[in-house]
Every structure is written in structure tokens, then in C-alpha cells.
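Here's the letter readout for the chains.
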Number of protein chains: 2
Amino acid sequence: MDDKKIRNMEEFAAVSGISRPTLSKFFNDPSSVRASTRQRIEAALDRYDYRPNLYAINQNRRLTKNIGIIVPYLADPFFAEIARNIEEHILSTGYRPVLLGSHGSPDQEIENLENLRLLKPAGVLLAPLGRASDQARIAAFCEEVPTVLFDANVGSAGLAFVGSNNNQSIDLIVDYLCRTGEPPAFFEMKEPSNPNAYKRRHAYLAAMERLNHTPHLIQAAGEGWEFEEIGFREGTRVVRDRNLPTDTILCSNDRLAIGFLSAAYEAGIRVGLGTDCTMRVAGHDDHPFSRYTCPTLTTVSQDYEAIARKSAEKLMNLIEAEKPADSREETLFDGRLVMRGSA
Amino acid sequence: MDDKKIRNMEEFAAVSGISRPTLSKFFNDPSSVRASTRQRIEAALDRYDYRPNLYAINQNRRLTKNIGIIVPYLADPFFAEIARNIEEHILSTGYRPVLLGSHGSPDQEIENLENLRLLKPAGVLLAPLGRASDQARIAAFCEEVPTVLFDANVGSAGLAFVGSNNNQSIDLIVDYLCRTGEPPAFFEMKEPSNPNAYKRRHAYLAAMERLNHTPHLIQAAGEGWEFEEIGFREGTRVVRDRNLPTDTILCSNDRLAIGFLSAAYEAGIRVGLGTDCTMRVAGHDDHPFSRYTCPTLTTVSQDYEAIARKSAEKLMNLIEAEKPADSREETLFDGRLVMRGSA
DNA sequence: CCACAAACTTTACGCGCGTAAAAAATAAAT
DNA sequence: ATTTATTTTTTACGCGCGTAAAGTTTGTGG
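Anyway, here's the lowdown on the structure attached to this text. Fair warning: this is a prediction, and the values are worked out from it, not measured in the lab.

### Notes on the interface of chain A and chain B
The interface of chain A with chain B comprises 49 residues on the first partner and 49 residues on the second. Interface of chain A and chain B: buried area, both sides summed, is about 4,400 Å²; carbon and sulfur atoms make up 58% of it. By the criterion of area lost to chain B, the three top residues of chain A are Tyr55, Tyr265 and Tyr292 of chain A, representing 20% of everything that side buries. Between chain A and chain B we count 4 salt bridges in total. Close ionic contact of arginine 51 of chain A with glutamate 114 of chain B constitutes a salt bridge, the shortest N to O distance being 3.6 Å. Applying the counting rule to chain A against chain B returns 8 residue pairs in polar contact (both at pLDDT 80 or more). Among the elements of the structure, helix H4 (54–60), helix H5 (77–92), strand S2 (96–101), helix H6 (106–118), helix H10 (227–241) and helix H11 (254–266) of chain A are those that each provide at least two residues to the side of chain A that touches chain B.

### Re the packing of helix H1 (residues 9–16) of chain B against helix H3 (residues 35–47) of chain B
Residue and element names in this part refer to chain B. Look at H1 against H3: their axes get within 10 Å of each other, and the N-to-C directions meet at 110°. As judged from the angle between their axes, H1 and H3 are roughly perpendicular. Taken together, the residues of H3 that come into contact with H1 (itself represented by Phe12, Val15 and Ser16) are Arg40, Ile41, Ala44, Leu45 and Arg47. Classifying every residue of the contact of H1 with H3 gives 5 nonpolar, 1 polar and 2 charged.

### A look at the environment of glutamate 88 of chain B
Residues and elements named next belong to chain B. The residue glutamate 88 is located in helix H5 (residues 77–92) in this model. Of the residues examined, glutamate 88 reaches a relative accessible area of 39% and is grouped as partly exposed. When the C-alpha positions of glutamate 88 and threonine 296 are compared, they lie 30 Å apart, and in sequence the two are 208 residues distant.

### Observations regarding the relation of the copies chain A and chain B
Here chain A sits on chain B after a turn of 180° about the axis and a move of 0.0 Å along it, with an RMSD of 0.1 Å. With respect to symmetry, the two chain copies, as superposed, fit the operation of a two-fold axis. Of the C-alpha atoms belonging to chain A, the one lying closest to the rotation axis is found on tyrosine 55 of chain A, 2.3 Å away. Both copies contact each other with a shared surface, as 100% of the interface residues of chain A are interface residues in chain B too.

Rules behind the numbers
All chains use their own residue numbering, which begins from 1 and follows the written sequence. Starting at A for chains and at 1 for ligands, labels are handed out in the order in which the entities are written. In keeping with the predicted nature of the model, local features appear solely for residues at pLDDT of at least 70, side-chain atom pairs appear and are counted solely at 80 or more, and the whole-chain, interface and lining totals rest on all residues. Water and hydrogen atoms play no part in the side-chain values, which are based on all heavy atoms of the structure. Every residue pair with non-hydrogen atoms within 4.5 Å of one another is taken to be in contact. As a working definition, buried area equals the accessible area (1.4 Å probe) given up by two parts on being put together, with both sides summed. What makes a salt bridge here is a side-chain nitrogen of Lys or Arg within 4 Å of a carboxyl oxygen of Asp or Glu, nothing more. Counting of polar contacts relies on pairs of N or O atoms within 3.5 Å, with two restrictions inside protein: one atom must be capable of donating a hydrogen and the other of accepting it, and residues adjacent in sequence are counted only when both atoms are side-chain atoms. Here a helix means four or more residues in a row that DSSP labels H or I, a strand means two or more in a row labelled E, and each is numbered from the N terminus. The axes used here are C-alpha line fits, helices contributing only the stretch in contact, and every angle between their N-to-C directions lies in the interval 0 to 180 degrees. Here the word oblique covers every angle except those under 35 degrees (roughly parallel), over 145 (roughly antiparallel) and from 65 to 115 (roughly perpendicular). Side-chain classes follow a simple rule in which Ala, Val, Leu, Ile, Met, Phe, Trp, Tyr, Cys and Pro form the nonpolar group, Asp, Glu, Lys and Arg form the charged group, and the remainder, Gly included, forms the polar group. Burial classification: accessible surface area is computed with a 1.4 Å probe over protein chains only, and a residue below 20% of its type maximum counts as buried, one above 50% as exposed, and the rest as partly exposed. To line up the copies, we fit them by least squares on C-alpha atoms, keeping just the residues with pLDDT of at least 70 in both.

See below:
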């Protein structure tokens with residue numbers, strides 16, 4: 001590695017013996033130059049430490065190679081995990097992922113969109129806050145930038161939607177719970193922060209009706225994204241009052257269930273399938289931590305990997321097609337029953 | 001809001017009646033123009049939707065307003081939480097945080113540094129992988145870009161270090177455990193991925209020696225960042241073999257403890273302080289989930305907020321001082337004992 | 001009212017690269 | 001060897017903004 005500093009493409013052209021326009025082509029797409037030329041450039045890159053100035057590159061391009069990824073809450077392992085998956089897909093296609101978390105705040109979500117707009121991204125993968133989102137501004141953003149929504153829909157904004165099939169997955173677990181014991185009550189937040197909650201509530205109600213059981217909603221007060229805390233608090237109350245018509249609780253998501261299980265444990269209630277157990281608890285999502293709860297949590301998995309892959313692929317196709325998209329496609333992945341100890 | 005599109009600062013100068021150089025000054029620092037001028041510009045900004053082109057701005061600047069933040073693993077709630085805190089501090093100073101996760105991979109860590117270098121950041125806050133990190137390249141990076149390390153040190157790279165005082169915190173919990181029951185064995189990974197593990201091991205050994213107890217290390221095999229899994233696996237083995245000289249386990253971090261508690265629960269071992277309990281388990285970090293384990297986890301808290309604030313402030317000072325830094329400051333925050341149910 | 005500093009406008013150049021057009025060189029095919 | 005298609009080089013301009021220099025306006029204090 002010669003340590004002569006290369007300041008710009010001009011200088012690198014001089015030392016590599018390749019003209020600047022050809023270098024420009026190469027850095028945009030190495031396969032667009034002849035193999036012999038490519039080798040000469042790569043040899044020079046080996047000897048000299050040069051990378052084109054990112055800002056100068058993007059200044060003239062109408063669109064960059066940036067792909068924005070926005071999730072509602074990065075400290076939620078579910079979103080962290082799905083974001084990680086998406087990042088890898090983006091990288092493998094030669095684009096550059098830019099990950100932003102909205103910290104559960106609609107303002108931050110809009111701020112993130114504004115910031116992304118400055119980056120002139122080729123496209124954006126957006127998991128919106130959902131109910132709390134500023135629908136109009138998100139829709140406006142989607143008009144300007146090719147955007148694929150995932151995890152949650154916001155009206156019919158965006159070029160496509162990828163998520164999980166809450167009807168199917170809730171059906172699945174309600175069905176399972178009814179088959180193997182008492183029909184479940186549904187434990188959720190009264191005014192849920194996370195976007196799929198309403199779908200799940202309705203899916204629960206429909207499933208119970210289909211099976212000729214009386215539905216029972218347990219709605220916890222509370223706001224924000226401290227779901228475990230809310231699950232714990234309300235779980236403590238439920239367990240203390242003991243006025244449920246059933247011994248089976250289906251939680252709207254695993255994080256509520258984690259809090260609920262903790263509350264049950266504290267109260268000395270044995271949860272699970274054993275003969276000494278007096279309660280069953282199930283969740284939804286297959287959260288990374290749900291296999292370490294006590295007892296381990298029976299739940300429905302969301303196919304993280306599939307959602308990540310599909311939404312990334314979808315966006316890539318839309319970007320590379322360039323056509324204004326014929327129709328808005330919605331892809332829903334089925335959940336898979338994950339039977340563990342709690343139900 | 002007039003909907004005439006403003007394409008550049010020139011056009012905005014025309015509609016606002018302010019010259020372009022003055023606008024340029026304003027966007028760099030609003031307080032650098034006269035109050036009356038500022039108001040005229042802000043009025044125009046209200047009517048027209050214009051923001052300067054990010055790439056054109058940064059092209060000429062030697063340094064941008066970007067601050068890089070790198071953490072070893074974004075899907076670990078500990079790092080997600082600390083990153084969130086740092087982001088907020090950065091934003092409040094008018095800089096722009098760029099958050100990157102290394103996914104536990106040294107290659108990705110270097111890749112992140114390379115990518116950051118292209119962004120010409122004013123500074124970087126780096127929580128390195130630690131032992132696995134490519135020390136030489138990190139040191140080289142720190143020479144080029146003002147960098148503050150946090151959570152883990154890499155040699156003496158960087159302008160400053162902010163972390164927690166593992167000696168103090170391990171001392172604290174060992175002391176507590178010894179005072180209230182049998183002296184603890186130390187449960188850790190044989191070849192830890194996370195960077196503070198060795199310090200904690202040594203702190204444990206020293207503390208035990210100081211208290212005239214025989215130390216006992218339980219070292220789990222395994223690699224990567226699936227600490228709960230490793231804790232569960234090894235915990236299952238430990239509980240099965242029952243050949244420990246003590247009933248008290250101190251885990252090197254909370255995530256191992258979470259796995260361990262799950263294993264104990266599965267094995268029917270009651271963990272905690274009650275008369276029916278046969279084992280005590282403690283952790284380290286006060287992980288966001290540790291208050292929902294069964295039983296709730298006694299641990300030592302790291303002061304997330306303080307670490308985040310201090311490292312952000314330190315970096316800001318170094319950036320704004322511009323001096324090449326007189327000496328390398330190390331700040332260690334004390335841990336606080338968090339007594340819960342497990343020990 | 002004048003003097004003077006501070007703030008602003010005008011003018012002009014440069015940053016590093018994308019990219020278009022025409023000329024030259026190379027490779028492939030006849 | 002000649003034609004033809006492909007790739008590369010040469011030349012030149014533009015992107016949107018930072019910023020310097022010189023001239024002009026504005027505000028302040030005596």
C-alpha cells in the first residue's frame with residue numbers, strides 16, 4: 001500500500017492509468033467495464049487507498065443507492081431482529097441501508113422521513129407506528145419516494161405491504177387453545193401502541209364466534225411501549241381478582257405475555273399444562289425472549305426472515321422496474337404455532 | 001404553503017428576498033444573522049418547502065455535522081437502550097446521529113468504520129466488540145476521526161473512554177451475596193463475546209480473595225451473542241450435575257442469567273430467598289428484561305443514562321475544543337445494587 | 001447629522017464527481 | 001487485413017452549495 005494520499009478521482013486516474021469517466025463507470029457498476037480494465041483498476045485500488053467522495057457522488061444523482069429502513073422502536077427485539085435481517089438483504093444487493101428508529105413517537109417518525117428525504121434514497125422500507133402515525137404526511141412521503149410498508153399498514157400508502165396474516169395466526173392459536181382446554185380470554189392494551197393490535201382483537205372475536213364461544217376481552221390501561229410493564233401490572237390485577245370465566249389467556253403479543261407470566265409467577269400461580277397448573281397463557285410473535293420465560297411461552301411465530309426478505313425484494317423490484325407500479329400488492333405470511341410450556 | 005417547488009438555494013434567495021450567501025450563513029447557524037433577517041428567512045421557510053441539499057452542503061465541508069454511533073449488537077436491548085439515549089443527546093446539540101450495529105462481527109465493525117469515514121463525521125462514539133475487534137484498524141481510525149469509546153476499551157485507542165466500573169460493581173454484588181448467604185460461583189462464557197467479561201472475571205476473583213473465599217468459575221462453551229441460549233444450556237447442565245460447592249450463582253451478565261433462570265425453572269429448582277428455595281442467582285447490567293424474569297433478577301445496574309450522557313458530552317467538548325486533546329480521560333461509573341427476588 | 005462598525009449584497013470561483021459528445025483505441029468477426 | 005462493434009479517452013459542462021473579496025446598506029452612538 002503506497003501511502004501517497006489520493007485526494008480525488010482525478011488523482012486516482014493519474015496513478016491507475018485509467019481515465020476518470022471510466023473510473024466513474026467502474027465505481028457505479030464494476031461489471032460495466034471490460035474485464036481487463038476492471039483488473040487494472042482493482043490492482044490500483046489494492047495499492048492506493050481511495051474511495052470516491054460520497055457527497056460528490058450523490059450530489060448529481062437524482063437518486064442514491066441509499067435505502068431507508070424505519071421501525072417504530074429499535075429497543076424492541078422484534079424490530080431490531082427484523083431490521084437486522086432487512087439490512088443484510090439490502091447490503092447483498094449493493095445498496096446502502098440507513099436504519100432509523102422512531103422511538104415510539106409520531107413526531108420522530110415524521111422527522112425520520114424528512115431526514116431520509118434529504119438523503120434522496122432510492123427507496124424506503126417503513127414499519128409505521130400505525131394508529132399513532134401521521135397518516136397524511138406518510139401518504140405524502142410515499143408519493144415522493146418509492147416506499148414499501150411492512151409490519152403495519154397505514155391506509156393504502158406505499159407501493160406494497162408485507163406483513164403477517166393476523167387472522168390466520170390468531171385463528172390458529174385460538175383453535176389450538178380451544179381444542180386443548182378452556183377457550184381463551186384475550187389480553188391486550190385498551191389503546192394499543194403497536195399497530196397490529198386491532199387486527200388481532202378482531203381476529204380473536206371472529207375466531208371465538210366461529211367456534212361458538214363467548215369472547216372475553218381484558219383491556220389494560222397504559223400507553224407507550226413498555227409492554228412488559230403493562231402486562232405485569234394488569235396481569236397482577238387479573239390474577240388477584242380471579243373473576244375470569246376461563247383459565248386461559250391469549251395475549252395480543254409476547255411482550256405483554258412476558259409481563260403477565262412474571263405477574264403470575266410472583267403471585268404463586270403455576271402456569272402451564274401440568275396437573276399442578278391452574279392457568280394457561282399464550283402469546284403472539286415468537287419474540288426472541290419468549291423461549292426463556294417461565295414457563296416457556298407458547299405462541300405463534302411471525303416469520304421474521306420471510307417478512308424481511310419479501311419486503312426487501314419487493315422494494316428492489318419496484319426500484320429497478322422504474323415503472324410507476326401497476327397495482328399495490330399485499331403479502332401476508334402465515335404464522336406457525338410454537339408449542340412450549342405455557343399453554 | 002405555496003406549492004411552487006424550490007429547487008435550490010438560489011431560487012429560495014429569489015423568493016425570500018435574501019441573498020444566497022446570507023442564506024448559507026443562516027442554514028449553518030441561524031444565530032449568525034441579524035434577528036430581523038432571521039425572521040424574514042423563517043417567514044419564507046414557512047411559505048416555501050425548502051431545505052438545503054445535504055450532499056452539496058457536505059461536499060465542501062471538511063467535516064460534517066454527522067456523529068457516528070456504533071454498537072456491537074443492536075438486537076441486544078442493553079445496546080439499543082444506550083444507543084437511544086445517545087441519539088437524543090446528539091440531536092439536542094444540533095448534530096445528526098448515524099447509528100450502526102456491528103452484528104457481533106469484527107468485519108462488520110470495520111465495515112461500519114469505513115462507511116462512517118465516507119460520511120466525514122465530526123466525531124464517532126464507538127462501543128467496540130472488544131476482544132474480537134481488529135485493534136490495529138480501530139486505532140488507525142481513531143487517529144483520523146475524533147472518537148470516544150464507550151462500554152469497552154480497545155487498548156488505549158480513542159480520545160476518551162466512558163464505561164462502568166466493573167471492579168466496583170462486581171465487588172458490590174459479591175459482597176452482598178457473601179453477606180446474605182453462601183459465597184457465589186461465577187458463571188460466564190469460556191471465551192466471552194462481550195468485552196467486559198474478562199474484567200468481571202478478574203473482579204470476581206479479586207473480590208473472593210479479599211473476602212477469604214475460594215472462587216469457583218463455571219465456564220460455558222459457546223460463541224456468538226445468543227447469551228440466553230448459552231445460559232440456558234449450561235444452566236441445565238449445572239442444575240443437573242449438582243456438584244457445585246455453593247448454592248449461589250453470580251452471572252457475568254443478565255442475559256446469561258435470564259437463560260440460567262429459565263433452565264432452573266424447567267428443572268423444577270426454586271430460585272430465590274424463600275425457605276423453599278434451593279438456589280440464588282444474580283446478574284449484572286440491569287438489563288431491561290431482568291425485572292420480568294421468574295423470579296425477578298437481583299443484579300447490579302449500569303447507569304445507562306450517565307454513560308450515554310457523559311460519552312456524548314465528552315465527544316462534543318472534544319469536537320468543539322478543536323485542540324488535539326491534552327490527555328486521554330477515562331470515566332467509570334459505579335454500579336448500583338438492584339435487589340430483587342432471585343438473590 | 002456624521003462616523004463607524006456590523007450586516008448584507010454582488011460577484012466569482014471551486015469542490016469532486018456525473019455525464020454527454022466526439023474522437024481514438026481495442027477486440028471480435030468477416 | 002479489413003470491417004464492425006465495443007470500449008476507452010478527451011474534452012467540457014453542470015450540480016448545489018461554501019466561501020472569499022469588494023462594494024453597499026443598515027443600525028448604533030456620539
